[in-house]
Amino acid sequence: MRPGNKNNRFGRSDRDLDPLARQEQSRAQTERIRTLLQSSRAPAAPVQMVRPGISVPTAIKYATTADPTNWSSIEAGSPLFEAMFAGVKDTADRAIMCWPSKPGGAFVATCIFLREARASGRLAHATVGYWPWREGALRAARSILVNPDDVACASLNAYNDAKKAEWQAGALAHQSLCMLEMRLRDLVRSRASSTAIVNVKSIVVRSPTLLETTSVFAAGRQKGAHAYDSAPEQVLRRVRKYTSMGERNAGLVEHVGAIGDPTRAPFVLLGLPAAHTSEGLNRHLGSSRVKQHGLDLVVADLTRVGRSEIHEDWERRLEALLGALDSIEGRRPSVLVVTEESFIQRRTFRLLKGHAETRRPKVKAQQLGLYLEHPTLLGPAPEIPSEIAR
C-alpha cells in the first residue's frame, strides 16, 4: 500500500472512492457541522402567539367610588397594559418600575387587562395568574367602577360579530358572558331615570365594580382539594338584583354558573400562592384550567402592597415561581413584575435575566419604566418631563 493511502472501515482506500462519492461525503459532513453550530449558537425564535377576538373594539371607561361621575380612560397606565399584551405574544419576562407615584398594587391592573383584552378584541380568551395571592388584594378592585353601558356594548358587538364562529369555537362560555353583560343595559336605564339629587349615589350602587366583572379564582390552600373552586356568587354580585338577572324566569342561572366556573369562563384570573418551593405551585399550575387552555401571563406584584405578606422573603419565593414556570408543560407564560422601588427592580431583573439565559428557545428579559404623575392608572397619559430632577 502506498504511503498516505489510508483504508476506510470497509478496507477500501479513500483514493478508491469515486470523486462524486467523496464530494457527497464532504458535503454531508459540512452540513452536519453547520446544523450543530446553528442549534447551539442561534436558537429558534419563540413562536409569536396571536389570538384575536371581537372584530369591533369598544373603549371602556372607569371611575372610582370616591369620584363616580368622573369616567376616565386608562391612558395613564397604557405602558403597563401594553407590556402585558406584549408578554402574552412573545413570552418574554419583563420588570416594570412605576415612578414617581405608586400604582397601589398590581391586582387592579390585572383585572383591567382582562377587561381590555376582551373589549379591544386583542384576545379571544385569556388566563392570567396573579402572584403572590392574598385576600387583601381584592379590596382595591372593589373601589373601581366599570361603565355598564360600555361593557354591554362590547358584549353586544361580540354577540353580533360576523367572525364569532372562528374565535368563539371551543368549550369556553362566550355566549354566557355575552348574555350576562348585555343585561347591564338595564342598569343604564335605571340610572338615567334617577333624579339629579340621588344620581351620584345611584351611579355607585348601579355601576358594577372591577372585581365583580372579573372572573377571579382564589388559590386553594387545602391539600387534596381542587386548586380552584367555582365561584358563581361573585359574578356581577352587587348589581345583579337591579337587572333581569334577578328574575326567576330570566333563564340566566346557567350562564352565571358558567362564568363562575374556572374551566369555562373565557377570561380568568387565577391566584398563585407565594410558595417556598417550586413544588408548592405544581397543583395550581397543573389545574384543569391551565391544562385545557394554558397560562398566558403571570403578573408578579412586588410593589410594597404586593409584598405585604412575604416581606423580606420575596426574592426566594419569586425564584420558586420562576423555577415552577420554567418546568411547565407546553408554552411557558411570560412574567411581568410590577415594582415601585429601584432596589427591588434591580434584584428582580437579575433573577429574570438569569432564568432567561436558560430558556430554549432563548427569550431576553426586559426592563421597562412607567411614569405616573398621580397614584392611579386611570386618566389621560401624563406628559413626560424633558428633564428629570435629581
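Residues numbered from 1 in each chain as written. Predicted model: local features only at pLDDT ≥ 70, side-chain atom pairs only at ≥ 80, totals over all residues. Heavy atoms only, no water.

> Run through the nonpolar core, naming residues and quoting values.
Across soluble globular proteins, nonpolar side chains show a tendency to be buried alongside one another. One finds Tyr62, Leu80, Met84, Phe107, Phe113, Leu123 and Leu210 to be the most contacted residues of the largest nonpolar core, which totals 62 residues. Of the residues forming this core, the biggest block, 9 residues, is contributed by helix H3 (residues 107-120). Residue contacts for Phe107: discarding those within four places in its chain leaves Tyr130, Trp133, Ala137, Leu138, Ala141, Leu211, Val216, Leu269 and Asp301. Within the second largest apolar cluster, 35 residues are counted, among which are Leu295, Leu302, Ile310 and Leu318. (Core = buried A, V, L, I, M, F, W, Y, C linked by side-chain atoms within 4.5 Å. Buried < 20%, exposed > 50% of the residue type's maximum accessible area, 1.4 Å probe, protein only. Helix = DSSP H or I, 4+ residues; strand = E, 2+ residues; numbered from the N terminus. Contact = heavy atoms within 4.5 Å.)

> Which residues make up helix H7 (residues 174-182), and what values do they have?
The buried count for H7 comes to 7 of 9 residues, which makes it a mostly enclosed element. What H7 keeps buried is the set His174, Ser176, Leu177, Cys178, Leu180, Glu181 and Met182.

> Can you explain the environment of Arg331? Please cite residues and give values.
Looking at the secondary structure, you find Arg331 in the loop between helix H13 (314-326) and strand S9 (334-339). What makes Arg331 partly exposed here is its relative accessible area of 34%. Spatially, the C-alpha atoms of Arg331 and Asp296 are 8.4 Å apart, while their sequence positions differ by 35 residues. For Arg331, the side chain forms a polar contact with the main-chain oxygen of Val88, separated by 3.1 Å. A polar atom in the side chain of Arg331 sits 2.8 Å from the backbone oxygen of Lys89. (Polar contact = N/O pair within 3.5 Å; in protein donor to acceptor, adjacent residues only side chain to side chain.)

> Any details on the sheet that holds strand S3 (residues 94-100)? Residues and values, ideally.
With respect to topology, 7 strands assemble into an open sheet ordered S6-S7-S4-S8-S9-S3-S10, the strand pairing being parallel. Of all the strands in the sheet, just strand S6 (215-217) and strand S10 (366-372) have a single pairing partner and so form its edges. Between one strand axis and the next, the sheet turns by 20° as a mean value, whatever way the strands run. With 7 bridges connecting them, S3 and S10 associate as parallel partners. Bridged to Ala95 within S10 is Gln367. Strands strand S4 (126-131), strand S8 (297-301) and S9 of the sheet are contacted by H13, whose axis makes an angle of about 155° with S4. (Pairing = 2+ DSSP bridges. Axes fitted to C-alpha atoms, helices over the stretch in contact; angles between N-to-C directions.)

> Give a detailed account of the pairing of S9, specifying residues and quantitative values.
With 6 of 6 residues buried, S9 is to be regarded as a mostly interior element. What you see with S9 is no split at all: Ser334, Leu336 and Val338 on one side and Val335, Val337 and Thr339 on the other are buried throughout. Handedness of the S8-H13-S9 crossover: right-handed. (Right-handed = clockwise from strand over helix to strand, strands pointing away.)

> Before we move on, could you go through the environment of Tyr228 and cite the residues and values that matter?
Positionally, Tyr228 belongs in the loop between S6 and helix H10 (253-259). Separated by 60 residues in sequence, Tyr228 and Ser288 have C-alpha atoms that sit 8.7 Å apart. In this structure the side chain of Tyr228 is engaged in a polar contact, spanning 2.7 Å, whose partner is the backbone oxygen of Gly271.

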